[in-house]
Amino acid sequence: MSILVLNCGSSSVKYQLIEMSTEKYLAKGLVERLGEEDAKVKHKCRDGRRFEEVKDIKNHSQAIKEVVRILLSSEYGVIKDVSDIKAVGHRVVHGCEKFSESTLVTPEVMKVLHDCKKLAPLHNPHNIHGIEASEKLFKGVIQVAVFDTAFHQTIPEHAYLYALPMEYYKKYFIRRYGFHGTSHYYVAHRAAELLGKPIESLKIITAHLGNGCSIAAIDGGKSVDTSMGFTPLEGLVMGTRCGDIDPFIPIFLMENYDVDYRDMDDILNKESGLLGLSGISNDSREIEEKMISGSKEAKRAFDVTAYRLKKYIASYIGVLCGLDALVFTAGIGENSDLTRAAACENLECLGIKLDSEKNKETVRGKEGFINADDSKVKVIVIPTNEELVIARDTLRIYKSM
Ligand code: AMP
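First things first, this report covers the structure right here in the doc. Being a predicted model, the structure only gives us computed values, none of them experimental. What you see as residue numbers is a count from 1 along each chain, following the sequence as written. Residue-level local features of this predicted model are given only where pLDDT is at least 70; pairs of side-chain atoms are given and counted only at 80 or more, and the full residue set underlies all totals for whole chains, interfaces and linings. Hydrogens and water are ignored here; the side-chain numbers use all heavy atoms of the structure.

Let's talk about the overall build of the chain
Scanning the chain for helices and strands turns up 15 helices and 14 strands. Whereas a compact globule of 401 residues would reach a radius of gyration of roughly 21 Å, the chain reaches 21 Å, a difference of no more than 12%. Overall, the C-alpha framework of the chain stretches about 60 × 55 × 45 Å when taken along its three principal axes. Residues counted as buried form 51% of the 401 residues belonging to the chain. Only heavy atoms matter for contacts: two residues are in contact if any of them lie within 4.5 Å across the pair. Residue pairs at least 24 apart in sequence account for 60% of intrachain contacts in the chain once pairs closer than 6 positions are excluded. We get accessible surface area from the Shrake-Rupley algorithm with a probe of 1.4 Å; when it comes to residues, only the shown protein chains can shield them. Carbon together with sulfur atoms contributes 52% to the accessible area of the chain, which is approximately 19,100 Å² in total. Helix and strand definitions here come from DSSP, where helices need a minimum of 4 consecutive H or I residues and strands a minimum of 2 consecutive E residues; each element is numbered from the N-terminal end. Taken over C-alpha atoms, the radius of gyration is set against a globule rule of 2.2 Å times the number of residues to the power 0.38. Each residue gets one of three labels from its accessible area relative to the maximum for its type: buried under 20%, exposed over 50%, partly exposed in between, using a 1.4 Å probe on protein chains only.

Spelled out as structure tokens, the structure:
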């Protein structure tokens, strides 16, 4: 049985068609630059067939139609009939406090998703467009929403509340929500499998380091703290996002300089992080290349990023009162041995010791232990698979119908 997983962003649709008996993708791809005349479709089948095309695709609805057309095509297709797609799972970024697990999409759920839009204006409206377009295209097929925030709904009040007047939480729902939940969930469970122990017995820190970065403290399989907060801006240093800063800085800039709130939004979300610190790039590959060839600016950006990461790892060991495993995932976590080494440097005092050879060897989608034999804490690189979590939850809900 095949499940289609859709991840609709502001100008893109990522998709995977997953065969659930093997849990392997049949085809996957990306439609990007939606709304432009030169939108691009990239499609890849499990057997190696690849297809790329540039064409005018206006919106999510047209993009999903295009995906279905390719999935059915004789040259690049993997299914014979659209009815082969039994259910569609959607990534939804924000589930407010309403959703602590994945849910079947119903008119009532759609109403709540519309109500949540304000909390994630950059993401949820596009996720909603995707669901609405998919409902029209796949008539009678169940649609499931899987939330980035759901896994973190177990975070206790003392960790999710900000020390603001309580009315802002009660009236406006301002609290820590956390994001990348499906990724943290997947790699934590995979770590337990690799360790051969029940997740209920483990204390795990998961570091999702990609374009967006977040870290989570997971006790017995439950998220108890995470670095992203009310929005995905808080916490670690990211490609273009600043992460933690003194909250007075935006007020200071807006009061004293010619910066309005829109400029401030751009500064914090699009001009900071690796890009802002280095003045070179938001891409950690480029930062590392420049750093190796002697750029002081690149080294500064790398050092600030690694220091912040290390600070969070150390503090979450305190939160968890110990640690069994530290997991690195996503583009940087899976590929950058330099980031992993810097984040773990001098953490022997907390039981973390890397094997530098194993660390260097573990790149490009490889799963593996990178800790030294005498390290108290296991350090593991695990490629994330958010689509599989979405497909599994969708299947579970499909079967329960
Ligand atoms: P993701 O959001 O998980 O796709 O991660 C994307 C990020 O991974 C990119 O911005 C790159 O900075 C980073 N990345 C990918 N490959 C490497 C690599 N070999 N070394 C360092 N960073 C990498």
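Back to the text.
Focus on the pairing of strand β6 (residues 85–92)
Within β6, six of the eight residues are buried, which leaves it mostly tucked inside the rest of the structure. In this description, strands pair whenever DSSP reports at least two bridges between them. Bridging between strand β1 (residues 2–8) and β6 involves five bridges; their strand directions are parallel. Note that in β6 the partner of S2 across the bridge is I85.

Here's the deal with the sheet that holds β6
Strand order in the open sheet formed by eight strands is β5-β4-β3-β2-β1-β6-β8-β7, and the pairing between neighbours is mixed. Two strands bound the open sheet, and with one partner strand each, they are β5 (50–55) and β7 (103–104). Where strand β4 (residues 39–45) and β5 come together, six bridges link them in antiparallel fashion. If you follow K44 over to β5, its bridge partner there is R50. The strands that helix α15 (residues 386–399) touches are β1, β2 (12–19), β6, β7 and β8 (142–147); relative to β6, the one it contacts most, it runs at about 125 degrees. Only the stretch in contact is used when a helix axis is fitted, and all axes are lines through C-alpha atoms; the angle between N-to-C directions ranges over 0 to 180 degrees.

A few points about the state of the cysteines
Note on terminology: disulfide denotes any pair of cysteine sulfur atoms within 2.5 Å. On inspection of all chains with the given rule, the structure shows one disulfide. At a sulfur-sulfur separation of 1.5 Å, the disulfide partner of C96 is C116. You can see C96 sitting in the loop between β6 and β7 and its partner C116 sitting in helix α2 (residues 107–116), a full 20 residues away along the chain. In this pair, the class of C96 matches that of C116, namely buried. C8 takes part in no disulfide bond, and the closest cysteine sulfur, belonging to C116, lies 17 Å away. A disulfide-free cysteine, C45 has its sulfur positioned 20 Å from the sulfur of C8, the nearest such atom.

Quick word on the packing of aromatic side chains
Working definition: rings of Phe, Tyr and Trp (its six-membered ring) pair if their centres are within 6.5 Å, and the pair is stacked with planes under 30 degrees apart, edge-to-face with planes over 60 apart, and tilted otherwise. For the coordinates displayed, the defined rule picks out eight aromatic pairs. Arranged with centres 4.9 Å apart and planes meeting at 40 degrees, the rings of F51 and Y76 form a pair that is tilted. Placement of the pair is F51 in strand β5 and Y76 in the loop between α1 (60–72) and β6, with a sequence separation of 25 residues. With a centroid separation of 5.9 Å and 50 degrees between ring planes, the pair formed by Y160 and Y169 is classed as tilted. For Y160, a relative accessible area of 12% translates into the label buried.

Details of the site of the ligand
Near is defined per residue: the residue qualifies when any heavy atom it owns lies within 4 Å of the molecule or strand. Neighbouring residues of the ligand: G210, N211, D283, S284, R285, E288, A330, G331, I332, N335 and S336. By the criterion applied in these results, polar contacts are pairs of N or O atoms within 3.5 Å in which, for protein atoms, one can donate a hydrogen and the other can accept it, and in which residues neighboring in sequence qualify only through two side-chain atoms. N211 has a polar backbone atom sitting 2.8 Å from an oxygen atom of the ligand. Note that an oxygen atom of the ligand is positioned 3.0 Å from one of the side-chain N or O atoms of D283. For the ligand, whose free accessible area comes to 500 Å², the fraction covered by protein is 74%. If you list the elements that add at least two residues to the shell around the ligand, you get α10 (284–292) and α12 (330–335). Per element, the largest residue contribution to the shell around the ligand is four residues, and it comes from α12. Taken together, the residues of the shell around the ligand break down into two nonpolar, six polar and three charged. Residues are grouped as follows: Ala, Val, Leu, Ile, Met, Phe, Trp, Tyr, Cys and Pro are nonpolar; Asp, Glu, Lys and Arg are charged; every other residue, Gly included, is polar.

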